[in-house]
Amino acid sequence: GHNNLNAKLVLLGDMGAGKSSLVLRFVKGQFLEFQESTIGAAFFSQTLAVNDATVKFEIWDTAGQERYHSLAPMYYRGAAAAIIVYDITSAESFARAKKWVQELQKQGNPNMVMALAGNKADLEERRCVPAEDARAYAEENGLFFVETSAKTAQNVNEIFYEIAKKLPRA
Ligand code: GDP
Ligand code: MG
């Protein structure tokens, strides 16, 4: 029906930030302590009901390593939404997330809904990236920001739900 929407969504971010774990949590409700690293990219789909509409997410979970960087445009081109993931225990992963945001601002779909996920929020005692820094950065750049944990499920459904609500309706 006219209330059904398909939305291509891409996850970008440093290797090890937890992209695959967030997808596994969202799609299957599971978490693996030893999640295998992604080769190239992996595809998943999941449907969410939002108000009177149904959003079918077509999710591309990318690898994140620098050697796969040249493949990234294949996944973010034409994407309606992106989740840029960093690990709150890694300043380097936050710097890398900012690079992805810059690249999407230059090369991505201008109407793309972008969310910044500070993942591994369960590891508070090892935190390196203050939530306030990320929130300020997200505000400056028009991103939706939330801290997540694929391990505890904190804010995982919520981030996809918020994105679904922000998608332009036909
Ligand atoms: P990716 O390379 O971005 O896809 O990262 P993975 O999903 O493969 O996760 C890398 C490692 O971090 C794995 O060992 C996961 O179990 C772990 N991990 C992912 N998300 C979380 C989280 O929210 N909390 C904790 N404590 N560990 C996580
Ligand atoms: Mg992965």
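Anything mentioned here points back to the structure above.
Quick notes on the coordination of the magnesium ion (ligand 2)
- Of the protein atoms, only S20 (OG) and T38 (OG1) coordinate the magnesium ion (ligand 2), at distances of 2.1 Å. In this pair, S20 sits in helix α1 (residues 19-28) while T38 sits in the loop between α1 and β2 (41-50), placing the two residues 18 residues apart along the sequence. Of the two residues, S20 and T38, neither departs from the other in class, the shared state being buried.

Things to note about the environment of A97
- Along the polypeptide, A97 turns up in helix α3 (residues 91-107).
- Placed 87 residues apart in sequence, A97 and V10 show a C-alpha to C-alpha distance of 13 Å.
- If we ignore the near neighbours within four places in the chain, the residues touching A97 are I84, V85, Y86 and L116.

Points about the packing of α1 against helix α5 (residues 156-166)
- The interhelical angle for the contact between α1 and α5, taken along N-to-C directions, is 85 degrees, at an axis separation of 9 Å. The orientation of α1 relative to α5 falls into the category roughly perpendicular. Note on element contacts: α5 touches α1 through V156, N157 and F160, opposite L22, R25 and F26.
- Considered class by class, the residues forming the contact of α1 with α5 number four nonpolar, one polar and one charged.

Observations regarding the pattern of salt bridges
- A full pass over the atoms with the stated rule returns six salt bridges.
- Of the charged contacts in the structure, one is a salt bridge between K151 and E33, with a shortest N-O distance of 3.0 Å. With K151 in the loop between β6 (144-147) and α5 and E33 in the loop between α1 and β2, this pair connects stretches of sequence that are 118 residues apart.
- You can call E33 exposed: its relative accessible area is 52%.

Here we look at the site of ligand 1
- Around ligand 1, the surrounding shell holds 19 residues, and the nearest of these are G16, K19, S21, L32 and D122.
- One nitrogen or oxygen atom from the main chain of K151 is found 3.4 Å from an oxygen atom belonging to ligand 1.
- In isolation ligand 1 exposes 580 Å². Once the protein is present, 89% of that is buried.
- Using a 2 Å cut-off from the grid points, one finds that ligand 1 occupies the largest pocket.
- The dominant element in the shell around ligand 1, judged by the number of residues it contributes, is α1, at three residues.
- Residue classes in the shell around ligand 1 are distributed as six nonpolar, seven polar and six charged.

Examining the nonpolar core
- One finds L9, F57, I83, F160, I163 and L167 to be the most contacted residues of the largest nonpolar core, which totals 28 residues.
- Going through the elements one at a time, β1 (4-13), α1, β2, β3 (53-62), β4 (81-87), β5 (113-119), β6 and α5 are the ones with two or more residues in this core.
- The dominant element in this core, judged by the number of residues it contributes, is α5, at five residues.
- Look past the residues within four positions of L9 in its chain and what remains in contact with it is F57, E58, I59, W60, A81, I83, F160 and I163.
- With 24 residues, the next largest nonpolar core counts A82, I88, A97 and V129 among its residues.

Criteria and thresholds
Residues numbered from 1 in each chain as written. Chains lettered and ligands numbered in written order. Predicted model: local features only at pLDDT ≥ 70, side-chain atom pairs only at ≥ 80, totals over all residues. Heavy atoms only, no water. Donors = N, O, S within 2.8 Å, 3.2 Å for Na, K, Ca; no water. Helix = DSSP H or I, 4+ residues; strand = E, 2+ residues; numbered from the N terminus. Buried < 20%, exposed > 50% of the residue type's maximum accessible area, 1.4 Å probe, protein only. Contact = heavy atoms within 4.5 Å. Axes fitted to C-alpha atoms, helices over the stretch in contact; angles between N-to-C directions. Parallel < 35°, antiparallel > 145°, perpendicular 65-115°, else oblique. Nonpolar A, V, L, I, M, F, W, Y, C, P; charged D, E, K, R; others polar. Salt bridge = Lys/Arg side-chain N within 4 Å of Asp/Glu carboxyl O. Near = heavy atom within 4 Å. Polar contact = N/O pair within 3.5 Å; in protein donor to acceptor, adjacent residues only side chain to side chain. Areas by Shrake-Rupley, 256 points an atom, 1.4 Å probe, with all protein chains shown as cover. 1 Å grid on protein atoms, 1.4 Å probe; cavity = no way out; pocket = protein on both sides within 12 Å on 5 of 7 lines; lining within 4 Å. Sits in = over half its atoms within 2 Å of the grid points. Core = buried A, V, L, I, M, F, W, Y, C linked by side-chain atoms within 4.5 Å.

These values are about where atoms sit, not about what they do.
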